[in-house]
Each structure stands twice: as C-alpha cells, then as structure tokens.
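Residues per chain are reported as follows:
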Amino acid sequence: MKPLTHPSQLAGWKARLLEERPAWRKTIVVSNGTCGRASGSLGIIEALGRELDRRGLKETVGLEITGCHGFCELEPNVVILPEGIYYGRLKPEDVPAIIEKTILKDNVVETLAYADPKTGRRYVLRKDIPFFRKQMRLLTEDNLRIDPDRIEDYILADGYQALAKVLFDMTAEEVIREVDLAGLRGRGGAGFPTGKKWQFCRSESADRRYIICNADEGNPGTYMDRSILAANPHSVIEGMVIGAYAMGAAEGYVYVRMEAPQAVRQVTLARDQARQHGFLGKSILGSEFHFDIHIVEGAGAFVCGEETSLMSSIEGRRAVSRQRPPFPAQAGLWGKPTNINNVETWANVPLIIKRGAEWYSQIGTSRSKGTKIFSLVGKIRHGGQVEVPMGITLREVIYDIGGGIKDGQKFKAVQTGGPAGGFLPAEFLDLAIDYDNLVQAGSTMGSGGMIVLDETTCMVDMARHYMHFTQEESCGKCVPCRVGTKQMHDILVGITRGEGKEEDLTRLEELGDSIRVASLCGLGQGAPNPVLSTLRHFRQEYVEHIQHKRCAAGVCKDLAPSSGEEAGPAGRRVKKNRHD
Amino acid sequence: MIKLRINGREIAAESGTTVLDAAQANGISIPHLCAAKGLSSYGGCRLCLVEVKGKRGYVPACCTPVEENLDVITETPRLLELRRLTFELILSEHPHACLVCLEKKDCEEYKSTTRKVGEVTGCVLCPENGQCRLQEVAAELKLEKVRYPATYRNFEVHREDPFFDRNYNLCILCARCVRVCSEVRGAGTLTVAYRGPQAVIATALDRPLLDSGCQLCGACVDACPTGALSERALKGESLPDETRSAVCPLCSVGCGLEVGLRKGRLVNSVPKAGSPVNDGQACVKGRFLVRDIVLSPQRALRPMLRRNGELVSVSWDEALDGVAQALASKPERSQGLVLSSQLSLEDQFVAGKFARAFLKTEPVFDSPDTLALSAYRKMLQTDGPTPDANFEAASLAAAGVIVVAGADIPLSHPVLWVNILKAAMKGTKLIVWNSGESLLDRWAAVSLRTMPGDESVALDELGRWFLAHRPQAFWSSIPGGEELKASLEKASPGGTVPPARFSEEQINAFGELLDEAQDGVFFCGPGLLNRPGAEGILAKLWNLARLAGARLIPLAQESNGRGAVELWPSAGPVAEVLQGLGEGRFGSLYLAGTIPPLGAARPDFVVVQDSFRGANYETADAVLPAATWAESEGTFINVEGRIQRSKKLVEPLGEAKPDWWIFCRLAEKMGSRDFLFRDSTDIAEEISRTLPALHEVSSHHQKKGRTAFVREDRKPGSRLIASAPVSRDGAARTALAAFEAWPDIPDFYRGLNLREQFRGLRRLREKTGPAGGSREG
Amino acid sequence: MTTAELDVLLRGFGHERKDLTRILHKVQAAYGYIPAPAIRRVAEHLNTTANEVYGVLTFYKAFRLEPRGRHVITACQGTSCHVRGGADVFAEMKKELGIEPGGTTADRMFSLETVNCFGCCAIGPTVVVDSTYYSRVSVADVRSLIALYRKRK
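The rules we used
- All residue numbers refer to position in the chain's written sequence, counted from 1.
- Working convention: letters from A go to chains and numbers from 1 go to ligands, in the order in which they are written.
- Local features in this predicted model are restricted to residues whose pLDDT is 70 or higher, and side-chain atom pairs enter the listing and the counts only when it is 80 or higher, whereas totals over whole chains, interfaces and linings include all residues.
- The basis for every side-chain value is the complete set of non-hydrogen atoms in the structure, without hydrogens or water.
- In this text, helices come from DSSP runs of H or I with a minimum length of four residues, and strands from runs of E with a minimum of two, each type numbered from the N-terminal end.
- The classification of residues rests on relative accessible area computed with a 1.4 Å probe and restricted to protein chains. Under 20% of the type maximum is buried, over 50% is exposed, and intermediate values are partly exposed.
- We call two residues in contact whenever any of their non-hydrogen atoms come within 4.5 Å of each other.
- A 1.4 Å probe and the Shrake-Rupley method give the accessible areas. Residues count as covered only by the protein chains that appear here.
- In this tally Asp and Glu are treated as negative and Lys and Arg as positive; neither His nor the chain ends contributes.
- Here the site of a charge means atom NZ of a Lys, CZ of an Arg, CG of an Asp or CD of a Glu.
- These domain limits were set by an automatic method or by a database of domain assignments.
- Working definition: a ring pair exists when centres of Phe, Tyr or Trp rings (six-membered ring for Trp) sit within 6.5 Å. Plane angles under 30 degrees give stacked, over 60 give edge-to-face, the rest tilted.
- What counts as an axis is a line fitted to C-alpha atoms, over the stretch in contact for a helix, and the angles between N-to-C directions run from 0 to 180 degrees.
- Note on terminology: angles under 35 degrees are roughly parallel, angles over 145 are roughly antiparallel, angles of 65 to 115 are roughly perpendicular, and the others are oblique.
- Each crossing gets its hand from how the near helix is turned against the far one by less than a right angle, where anticlockwise is left-handed and clockwise is right-handed.
- Classification convention: Asp, Glu, Lys, Arg as charged; Ala, Val, Leu, Ile, Met, Phe, Trp, Tyr, Cys, Pro as nonpolar; all other residues, Gly among them, as polar.
- Summary of the metric used: pLDDT quantifies the predictor's per-residue confidence within the range 0 to 100.
- Computed with a 1.4 Å rolling probe, the buried area is the accessible surface lost when two parts are put together, summed over both parts.
- What counts as a salt bridge is simple: a side-chain nitrogen of Lys or Arg found within 4 Å of a carboxyl oxygen of Asp or Glu.
- Polar contacts, as counted here, are pairs of nitrogen or oxygen atoms within 3.5 Å of one another; within protein the pair requires one atom able to donate a hydrogen and one able to accept it, and residues that are adjacent in sequence qualify only if both atoms are side-chain atoms.
- Strands are labelled as partners when DSSP assigns at least two bridges between them.
- Starting at the helix axis, one direction is taken to each C-beta atom, and the arc is that of these directions.

Engineer: Which parts of the structure should I look at to understand the overall build of chain C?
Structural biologist: Along its length, chain C carries 6 helices and 4 strands. Walking chain C from its N terminus toward its C terminus, one meets helices and strands in the order α-α-α-α-β-α-β-β-β-α. Taken along its principal axes, the extent of the C-alpha atoms in chain C is 50 × 30 × 25 Å. In chain C, buried positions account for 57% of the 153 residues. Of the contacts formed within chain C by residues at least 6 apart in sequence, a portion of 63% connects residues at least 24 apart. Summed over its atoms, the accessible surface of chain C is roughly 6,400 Å², and 50% of this surface lies on carbon and sulfur atoms. Taking the average place of the 21 positive charges on the side chains of chain C and the average place of its 15 negative ones, the gap between the two points comes to 4 Å.

Okay, structure coming up:
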C-alpha cells in the first residue's frame, strides 16, 4: 500500500477495512503478551489453530492474537466475542471443550470461567469479573481489538485520526494548550505537567529539537510500559508524532530496555509500518511536517531511565547522569532542546486530542487528571495490569480489583514508586491515589508499580533489597550514591544478619537524609526512600531485629522467627547465639 | 561582566564562568575535589554544594554558571554537615588513618619515614604527603574523625609503565585524569570502567598505558588530587623545599616549568600553571627527564686534553691554552664551528662572534632545518610579512582552519598540539598532511598522505585547485601572481608530470575548507623542513598559504632554532661541513653541537665542547665541559617568536662552565679584548642593542610579567613566489641523504641521546612512533 | 573471529558514535561476547580509542568480555519476584550450580545471570533459560529445570 498523502485517505482506508472485515460468527481473542507467553499462550494458540482446522471452522471463527489483556494472574486466557466470555488459566487440553461447547454450542465451560475465591461464584463475562469492573481501561481496552503486527487493527480503532486533526486543524500552540488544559502529568514518576514541559522545549530556540520516549521501565515490579509498546505500539507513535509537531522536533527516539524483547520487536515493526503508510517520514499525511523515529535498545542499566543518563546512552557514551540545569529542554541530546516523556504519557496524547481536554480533565482528581496504569503485583491474589482513574483508593484497587491478599495472608503494606518510593501500611488503604497524596503519605506514584506485601514480608529485608538494587544500578559518578548507599546497605545487611547495633537506625537516617539532597540525580536522591519509609512506618521491626535478633516474618535466616520456638518452619536455620 | 552575590557580597564575574570560579577569584573558599581549571564540570564529589535563593535543594557550584542577580550562600549549618558527611564517605574508601590520628603533629616533626613501601596505609607513607588535596580539604573542614567503616579495594598497584605508578586504592574517582587525558591532551587513554561500587579508572582490558595510546605527558599525574598517580622520582625523596621557574630546552615550544629543588639539588619538574605558552601542560621530556638529564652519569665534567694519545684531565687554564694554540696554528686550511641550536642566544651570539673573529667562518648549526628557517626569514623580509611569523599558541582557536604539513605535532611539539586540539574542539577545521598516520588524523577534517619526496608535486596539485577557483583579477592583483599562475599551468597534467598524489575529492575538500574559513594558519615542521630541498618546498607552501589567505609558520625543531636564524641568518648548512670533512677541507673542527661520529673524515684537531660525552668525545683532541641550560641563565626564542629568559637553577656540576664563558676566555687567550662580558645579562644587552629584531631580549623586557617577542619589520604587500629560490644544499644532498635518519623528534639534548639514556622514553617511542608500532591499544 | 567478518558487520553502520551500543549488541549477538580485537576495530570505525569503547561496554550489564556457558540461566531479582519467593529460588540455583551471578560452571554448561525485572511480575518468581520464560518457579523446580537443560544439546 502506498503512503497516505491526504487526511481524507485515512477515513477512506478505515471504511474499506470495515467493509473487508470478515463477518466472523465468533471470534476467539488470545492474550499473547509477555506474561501470556511465559504462561503458555503460544501452546494455546497452536492448539486453537489445530482444533479450528480439524473442525473446519477456519472460515467462520476468527482467531485474533493480541497483546496483554491485563489479568496476568489468569493467563493464558481467551476472550470469546461477541459475548465477551472470559476463560483463564488455560491448558492446551482445555481447547477442544472450548470449541465444542462454547464456539459450537453456545454453552459455557464453567470450570474455565473465573471463580471468586471466597464465594466460589463464577463470572463468565469479562465485564462482570470484579478485576475489570472498577477499572477504566481508556488506554488498554483497545488491546483486545489490536493484533500488534497489524496496523490495520489500529486504523480500525480510529488510529491516527488525532494526528490528522492535529496536522491539519490545529497549530502547535493549540496542541500544547490542549495537553496543558487536560492536566496530563508525566507518567514516568515525577508527575511534571506535560503541557508545561512541552512548552519549555518549544520555547528554546535552536536549529533542531528532539523528543524521546522513555521506555526503559527499570522499576522492578513494573511492566505496563512494555505492555503498551507490545500491545498497542501505534498509540505511542501517534502520541510522539503529535508531540513532535507541537514542539517542532524532526527526530524522535524510543529507548526500550533490552530486557523487553517483545516490546522492542513490536514497536520497531510498528515504526516501519508507520513509515510505509505515511505516518512517519517526510510530509506526513501530505502535510509539511517531517518527523521520524529511531528505536534504541538499552543494555542493562537501570540508571538509563533517568533523563540525562538516557541521553548519554543514546549518544553512545557511558550512561552516567549529568547535573541539571541545564535541563534537557534547554540542552539535551547533543546539546539540543530535548523533551523526554514516558510511554504512558505519550499514549495519553491521542486520547486527549480525540476526546478533548475538557472530557479528559473530568477524570481523576483536582490535580491529577486521567487514568493511571498500575502493575498490581506481589502478594496480591489477582495480579496484573490495572488501569484506574486517579482518585480511586488503594483499598479499592487492592481488594475490589485485586481480590485482596493471596494464600489467605494478612495485608502488611503496599510499595509504590519503585526504588525511589515508599511503603504504605494499612492505615493508608483509604488514600485516594494521586501524585500529591502519595508524596504526602511518604511515597511516590513512580511509574506505576504497586507491590502488595503481607505478613510474610520482612520490611527490613525489603529495605536491604532496594539498597542492594541501588548498589547494582548506581552509575558510580557521585559520592553520596556510590559510597553512601553502600554504607547504608552494609548496615542493613548487618541488621538482617543479627549484627545490628543501637546506633544503626540513627546512622541510616543521617545517611539517608543526606544522600537524598546531595546526590546528583534521581536515582541517588530516591535511593534512601525505601529505608526511610520503612523506618517511619515499621520501626518496630528494625528494633526487633536489632534488640531481640528476631525476624517476625521469618525471612532473615540468621534470626529467630516470631513464634519463639527452637526451630522455625522446615529448612530454616536458627542462629546459635540468638537471644531468647 | 555578570553581577551576582555570594554570601551577601557583590561579586562581578565573567560570563561563561561558574559560581565556583567566581568564588575562588574573590577569595571565597568552597571545598572541591573533582572540579579543576580547564576541565569540563563533573559534579561528582558533591563537596561544593551551595544554596541558591529561589531554587530548591542544593547545587554544585562547579556546575552552576554565573547568572545576573544570582544569590548564593556557600555555608550554612546544613551545608557544612553535608560537606563533612560527603567527605567522610570519600575517606571511608581512602586510607585515612593519618588524617584523623591524634599524633599527627608530632609525627610530622619527629617521624622520618621512607615512602618506598608496597602499600600506602596513611599520609606518612604516601608520596603525595604535603601536597594532597584531601589533606587540604580535611584541614578546611577541620576533620576530626570518620564515622564510617573503612573499605580497602585492594587493587594491585600498577607499576608496569615508566615514570609513574597508579595506585587505585587511593583513587577517589574524581575522573580528573580521564578528563584531562581526553579533553586537553586528546589521547583518550584513561576511562572510567564498570559502574557503581565497581567503578574504577582503567585502560581497555587493563593494558599498560604504553599499549593504550599514552604519551606519558604526566597531565594525569598533575591533575590527580591524591597520591593515586604519583611520579616515582618523588618516592624516597622528600618534597622540594623550593621551586624555580625555568624554560624547557627540549623542543622549540619552550614550556614554562616549575623545577623543584631540595637543599639546592634538583628533584623534579612540573609544568607551570598559567604560563602563556603551556598553561600547566608539559610532555614526557619536560615532565620526567629534566633532573636526570642534568645529573646524568654521561656528563662531561672535566676539561681534557689529548697527551700522548690519551685524554687527560687538565685545568681550565691548560685546556684553554691548548685549544687556543691549536686553533691559531692552522690558518691556511678551513676551520669549522658547529653549534647546537639548543644553546641560548647568549651562547650562540658569542660563539658566532668567535667564529667570525678567529675561525674566519660563519657558524654552522647542527639542526637540519636551519637552512629552511633562514630561507623563510628571508622570504618574510623580501616578500612582505602580511601576516607576520609570530603567533600565540593560546589564540589558535581564532583561526578558522589550521593546516599541519610535515609534522607529527603531538610527538614533535606536544604542547603546541594541546593548543591545536583546543582550537579543533572549538570549531577550527584541521587539515593534516603527513607521510604517516598521527593522532592529528583523529581530528582532521581532511587527511592527506604522501610518500617522502612527493611533496613538491603534491603542492602543485593543491595549488591547481586555486587555478580553477580564482578569477583572473585575483592573479593580476598580487605581485608575482601572474608568474605563479603560469608556473602552475605549466605543471598541469598533459605535460611531463607524474600522476596524481591526491584524489579529486581530497583536493576539493582541501580547497573548499580553505575557502570557507577565515584566518587560516599553515604549520610546517620537521617532516618537510629537515629534508633536502626544503627551501623549495617551503616556497611552494608559502604560495599556497597566500592563495588561501593564510599565514605560514615553520616550526623549528629545537629549542632555539628560531633564535639561531635571528642571530646568524647566514649560517651555513651542516651538510656542507659534513661534505667538507669528507673531502678533507678542514684543518680543525670546533664541535659545540652534535654531528655523527667523524670516523676517517676527522680533521687534525677536534675540540668537543658539550655537556655530555657524546659521539665524538672519545676521539676528541680537547674536551671543554659545558654547563647545561639549568646551570646557566640564558634566553631562548620559541616557535611563537616569544623571547623567554630561563634562569639558573643549580650550580654547574663538576667543572662545567657556560658555553659563552668558554668562548670568551678562549677569545681572551687568543688576544681579543672584544669578549669582555661579565655575565649573560651583558651579552643579552649587547644583542638587544645590535639586533633590532631582538630588541626585547634586554633585561628590561625580560622582567616578570612582560611578554617579549621577536620584532618584525612591517613592509606592505605580499608577493607570491613563482619559482623556488636556489637551494644551497643541492650539492650536499648526498651527504645529507646518508644522514637521513635524523629524527624528526628532538629526543636529544646536546650530546645526550635521550632514547638511549632513558628506557622509559625508548619504550614510549617504540610503541607510539614515529614510524613504529600502532598508535594505541 | 576474523577482521574480515567483523568488517562485514561494521559495514552496516555509519561512523557515528551514537551507534556504539547497537554495534556492540550486534558483535555480541554474532560472537556470544565482545572479543578483544573487536574492541579496537570498533574504536577505529568510530574514530575513538579502544579505552573509550571499553569504558562504555563495561558500564552495561549486557556486554561480556568472555564467552558464556552453553545455557544461560537468568533469575529475576525484581521486587515482586523477590517477595513471592524469588530469593529462595535464587539461593537454591546458586547452590545447585555452585557459581555466583556472572559466573560459568566448570564444565561450561551453565552461566548464571540476574536481571532486575522481566516484566512477569504478577506470575513470578520468573526464571529465563536462554530465551524461554518460566514463571511461578518454586525451589523444588530448580533441580529439574537444570536437569532438563543438562540433557539438551
């Protein structure tokens, strides 16, 4: 197909695609994201293909392979249209029953439908499943309609219409104003107002500018950015083209972590398709706007998620952080004004343009607009990708959507914000999630990780875990981060080994408070947060470790578990000189 | 100027500088370790954090540019707390026992210690003790204890390279060494490797520095704030108790050095910060070889005469008598005087005067580029000096394009390279034309390569670009333009001209760059100037520079090469002397310079006047021990045309005497009263009086803080030269061809071959050229 | 590895410094690691020094200077996997293989690596062997997983 040279051709193309779409009697949509594959979705796809073939159903029943559906705990799963029947935790041997009962006879295979763990009640339709009911899947709902290998699916989902509107009906300033009025804030963690950020970049005079999509997503426990890129890459590309137009950039970079090979593959494919069809390159859609995207793969460094480090990495240098100011908007890639936004931020842009800032700003709280995708993971019963409006409470997310704690354990805390974030114990469960509330409570939004912890988690061990992470990922340039976190880490290791001393806690706070303000970049500045947060909310646990050489959660192997018995659960060693 | 406030004080600062610079310039001290003048801002040590009103958090002063109305506070209780904590963290990874030891004061007074130990566990065992930046910061912060447990990284100390060790157990990862090596020297030998707590300064695969492109210039050693990089010469020695300024005699850049002395003995030499020539940079020779050159066991220390076939020690009086007699007795045959271009102006002046008065000859300089430099000087005078031959290395960045022809400047004139690199990094385009690869090529916009001998034809090819790109009016407007045009046309292909040296692309790239840029400079060096036919090449290069609207500056190889031709413009080529010797035309030879071993061609009487027992020492009839430049005051002219006086650093070793003194005493012995100079200052005044171009050699101009340059007559207009001047060395071409192994890097000081004497230098040259080995690892 | 082979690889790239990580990825994909001669050749291609290239490649976890074992086992150290039992799984893996992360077994069958997040957080602990993902791995699974790969060629 030749590239589009006029916006009117877009509508025409969509119309043709609608016409040509086969009228399946039923469609089986398979979730084939990273979690899906790790759980065996490829086997399910193969089994479905074989069974449909065997039954001669290939002409009447559609088989769509899409990205992540969101309910990762139940993968591999399928959704059967038009009803919207949801079957999860599938094995290849379940396939014949699905075809026989549901496809051919319109019956439900009860055992494959979701069952409420407490009541046992079955929910057959996806829309009824509690996990989905309270979500607002503005960005992620299209995942079910889109095979990421096919740009046509994106067009059918009204793809690139926002871009057409921007290029031909809006000025750059109008675009920025719309994004600003919508109240979009950066989804990477800092929550900086996106419209303002774009304006800074645009205002800086230079002979060229760059935009970057930060898809490094290094926070452990988070995977929604790579899911968006793998499931609906064009939404991000479209957002970037719109942003480039608004800011006056001719080149953009998508920096994807190499540990997300599926995301790399899909976004590269989507970029190539966009080029072929005239959404990237010279004279986009026949306009006077030129813009193209380079895809860059990371090489295993968390610090590359930090803006200045990311730019160093793109430039082919050691990815150490640089002092700001100058900010990227003033002098970024190769000294030129550069705007960096997170994947989810870019993905929001076409939505805002299509539906309008006014509509968008109705969603969320007074200062945090729109939805946020969270990776709800950890000791949660129903883990996965959840997209919720800002302002929803932690309790609703964790209990109503997530089904509470798995294995019948008790909630202890939820960790948000990754290695720069904090822990929120039970008393914060009714917190309305938004950027500022989370900061006030002693944590941060971060990129959207929500790791649920129960009584079997040791908070001291969690602090040590994050400090160890920092030591592995520190770029090593500045003293507070390189050396200071090592000192903190050593103290924490000592505490978990029963060597803790009285003054350790003061020492940790002293170091932590200083590292936070003295470090060169966000990695160092945020590194003490998990420690300071656990000290704030779970100080007693530290005291237990130090004074009584006891680890209530039973995680620290050199210490006694809570029960005070001679030996803990099977396999646990008990320190010889424990105090009792 | 920008106005800002620091701690309530109104400060005026230059735009483009940092808050740290502004503070330091105004006597406000902010502790810092990773920031250094001339290096890019790093912001790694975090000691210089300050508060800025209106901005959240703290910013490092070294990374904060001065802005109008900035309001900075450098000290608050919190800042001091942070500074102290950060410094303690640094020390937790650096052996700091001595810094916090309660016995510190007594230890300094009473404990004597050797520093040649395997491990440094504290200041007293560290070669940097007394000049360590950590000690300074500790004192400023009034450090009393380090609250954090210490870690020792337990690296094996690197001892595999010449001149200095690398002990990364002492490294604080300020990365000054990495930055100076890459940003200032362009060598890129050091890098930070790995990251986080594993970060370490390294070379690729931990190879020795010599295998990694290092030139052993010592910039990293000087940049290092701790004892991690320390020169071996200082180990086992105590620190110098005084320093004296000197000018380095080992190449024609003439870097300013700070020579360290202890109890009057030479200890070491470091480049002088702020010196207009080198601003804190040096090369391997000036940095590491000075002391051992002066103290070399190869020194000639006693006057000697040959009696009964043996060289015996005699008194000065006897020696001078003996020489005077011998010289006076051979008037009917030629007598030659060969001078070193490394001698001071005073020495050369007196020597030449002596040669004219008593040997009835002009002096001859031993450097092969003398003829070409003389020819150039003549061209300047007859063909107009617009522009002139003086320049300032520090302002090379103003040039739009720099052409380097026939010179591996990073090797032959390393500190000039530092200035060229600075210019290249600021946007000056570099065109390089050599017979081999050099570090210059990495920054060259155009790299041209020819075989030795092809230069003349190549120059014609380059000249022809201008044929095609300049209108007739241009040629008619310059004196000599028409003839040049005609000669270029004659040399075009179709005639009897050999095939092209350069591709069409290369010639176009060359021409276009020169056309675009303003204020070009052409440098040509030993690769062209040392060759037979150099004057012809120089003339063509002159033409080319004129066509491009650029200046041509020849680079003398030796420290006083430019001075030599200013004093004695009609000095003959050494090749003529060599030829004459071969034909037996000389009755005596006065060798105050270096020539190859005489062998069978030796005349009846040979005087060797040198600081060292060089090639012709063993067979000399008389030996007159000369003082080195460190042992005598003298004036030198560098490549810039800058006149610099180098002071006496130490008393001459043994019975050595300054060269001018020897010539004066000899003249007296031979009956003259024209050589009654009391000291070198007298001679300097005479030079200043008698040679207008060297007027600024006088003491008045050599006062501290004043710059002095060769004065040049300014005549309007500039000629192009159509054909090369008659070359004097045509006949001597064969003689010189035999001598073609004359190195293009002056790795000798008078009769001392530095490569033979210093294993470290030899290893360096073997690894990194010229004409030897790959450039880097 | 011959310089000719490497030159063919490099021909696909311009001489811009920004291509360095891409080039290194390609070299490693071709050879399994970054051979020493490649460091110099890549440096020449990009008009920089081998030391600079070395500084960049050692910064990143992805690049290795030595060949790996036949099978590379990567255990996720992310927070979600950690709280779901990943620490115990990792400890068991180290014990079974007898090596530390970054190391290779003496028989060169297995190399052990860690990663800080694979993105299968909801179904962790996750272990990836070569390019196959294993989720919900338990301590008991470790031995059989290793045995499975020991049998494979």
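Engineer: What's the story with the domain arrangement of chain C in this structure? I'm lost.
Structural biologist: Many analyses report the size of an interface as the accessible area lost when the parts associate. Here the domain parsing of chain C yields domain 1 (3-59) and domain 2 (71-152). Inter-centroid distance (C-alpha atoms) of domain 1 of chain C to domain 2 of chain C is 30 Å.

Engineer: Looking at this structure, how should I read the packing of aromatic side chains?
Structural biologist: Two aromatic rings, taken as a pair, are described by how far apart their centres are and by the angle between their planes. Residue and element names in this part refer to chain A. In this structure the tally under the stated criterion is 42 aromatic pairs over all chains. Relative to Tyr253, the ring of Tyr210 has its centre 6.4 Å away and its plane inclined at 55 degrees; by these criteria the two rings are tilted. Here Tyr253 lies in strand E8 (residues 251-256) and Tyr210 lies in strand E7 (residues 210-215), a separation of 43 residues in the sequence. For the residue pair Tyr210 and Tyr253, the accessibility class agrees, reading buried in each case.

Engineer: Would you mind going over helix H6 (residues 176-184) of chain B with me for this structure?
Structural biologist: Structural remark: α-helix, 3.6 residues per turn; residues separated by three or four positions point the same way. Within H6(B), 7 of the 9 residues are buried, leaving the element largely enclosed by the surrounding structure. Contacts made by the buried residues of H6(B) are with helix H5 (133-141), strand E7 (191-193), strand E8 (200-202), helix H7 (219-223), strand E9 (229-231) and helix H14 (414-426) of chain B.

Engineer: What's the story with the packing of helix H1 (residues 3-11) of chain C against helix H3 (residues 36-45) of chain C in this structure? I'm lost.
Structural biologist: When two helices pack together, you describe them by how their axes are tilted relative to each other and by the distance separating the axes. Residues and elements named next belong to chain C. Interhelical geometry of H1 versus H3 gives an angle of 40 degrees and a closest axis separation of 11 Å. With respect to H3, the element H1 is oriented oblique. Crossing geometry of H1 relative to H3 is assigned as right-handed. Along its contact with H1, which presents Thr3, Leu6, Asp7 and Leu10, the element H3 presents Ala38, Arg41, Val42 and His45. The residue inventory of the contact of H1 with H3, partitioned by class, reads 4 nonpolar, 2 polar and 2 charged.

Engineer: Help me understand the confidence of the model for chain A in this model?
Structural biologist: For residues with low pLDDT, the predicted coordinates do not support detailed interpretation. With 97% of its residues at a pLDDT of 70 or more, chain A has an overall mean of 94. For the stretch residues 564-580 of chain A, pLDDT sits under 50, and the model shows 18 contacts to residues farther than four places along the chain or on other chains.

Engineer: Could you clarify how one ought to interpret the interface of chain C and chain A in this entry?
Structural biologist: The interface of chain C with chain A comprises 35 residues on the first partner and 55 residues on the second. Of the roughly 3,400 Å² buried at the junction of chain C and chain A (both faces included), carbon and sulfur atoms supply 55%. Taking the shortest distance from any N to any O, the salt bridge between Lys557(A) and Asp88(C) comes out at 3.0 Å. Taken together, the links from chain C to chain A amount to 20 residue pairs in polar contact (both at pLDDT 80 or more). Those elements giving two or more residues to the side of chain C that touches chain A turn out to be helix H2 (20-31), helix H4 (50-59), helix H5 (79-97) and strand E2 (110-115) of chain C. The leading source of residues in the side of chain C that touches chain A is H5(C), at 6 residues. Its residues assigned to classes, the side of chain C that touches chain A comprises 15 nonpolar, 13 polar and 7 charged.

Engineer: I tried to follow the packing of helix H10 (residues 224-231) of chain A against helix H12 (residues 261-276) of chain A on my own but got confused; where do I start?
Structural biologist: Residue and element names in this part refer to chain A. Closest axis-to-axis distance for the H10/H12 pair is 7 Å, and the angle between their directions is 40 degrees. Taken together, the axes of H10 and H12 are oblique relative to one another. Relative to H12, the crossing made by H10 is left-handed. Of the residues in H12, those in contact with Arg226, Leu229 and Ala230 of H10 are Gln262, Ala263, Gln266 and Val267.

Engineer: Quick question: what am I supposed to make of the domain arrangement of chain A here?
Structural biologist: Segmenting chain A into domains produces domain 1 (8-135), domain 2 (145-360), domain 3 (371-454) and domain 4 (459-547). Here domain 1 of chain A and domain 4 of chain A have C-alpha centroids that lie 46 Å from each other.

Engineer: Quick question: what am I supposed to make of the pairing of strand E21 (residues 550-554) of chain B here?
Structural biologist: In regular strands, side chains alternate between the two faces of the sheet. All names here are of chain B. Among the 5 residues of E21, 5 are classified as buried, and the element is accordingly described as predominantly covered. Along E21, one buried face is formed by Ala550, Leu552 and Pro554 and the opposite face, lined by Arg551 and Ile553, is buried too. Summarising the sheet, strand E20 (residues 520-524) and E21 pair through 5 bridges and their orientation is parallel. Residue pairing for E21: Gly520 is matched across the bridge by Ala550.

Engineer: What is the right way to look at helix H8 (residues 172-182) of chain A in this model?
Structural biologist: Residue and element names in this part refer to chain A. Listed in full, the buried residues belonging to H8 are Ala172, Val175, Ile176, Val179 and Ala182. The arc that holds every buried residue of H8, seen down its axis, measures 130 degrees, which confines them to one face. Opposite its buried face, H8 presents the exposed residues Arg177 and Leu181, each directed more than 90 degrees away. Its buried side turned inward, H8 meets helix H7 (161-169), helix H9 (194-203), helix H11 (233-247), helix H14 (343-355) and helix H15 (357-361).

Engineer: Got a minute to help me understand the side chain of Asp216(A) in this structure?
Structural biologist: Residue and element names in this part refer to chain A. You can see Asp216 is positioned in the loop between E7 and H10. Arg257 is the oppositely charged side chain nearest to the buried, salt-bridge-free Asp216, at an N-O distance of 4.7 Å. Look past the residues within four positions of Asp216 in its chain and what remains in contact with it is Tyr255, Arg257, Ala301, Phe302, Cys304 and Gly305.

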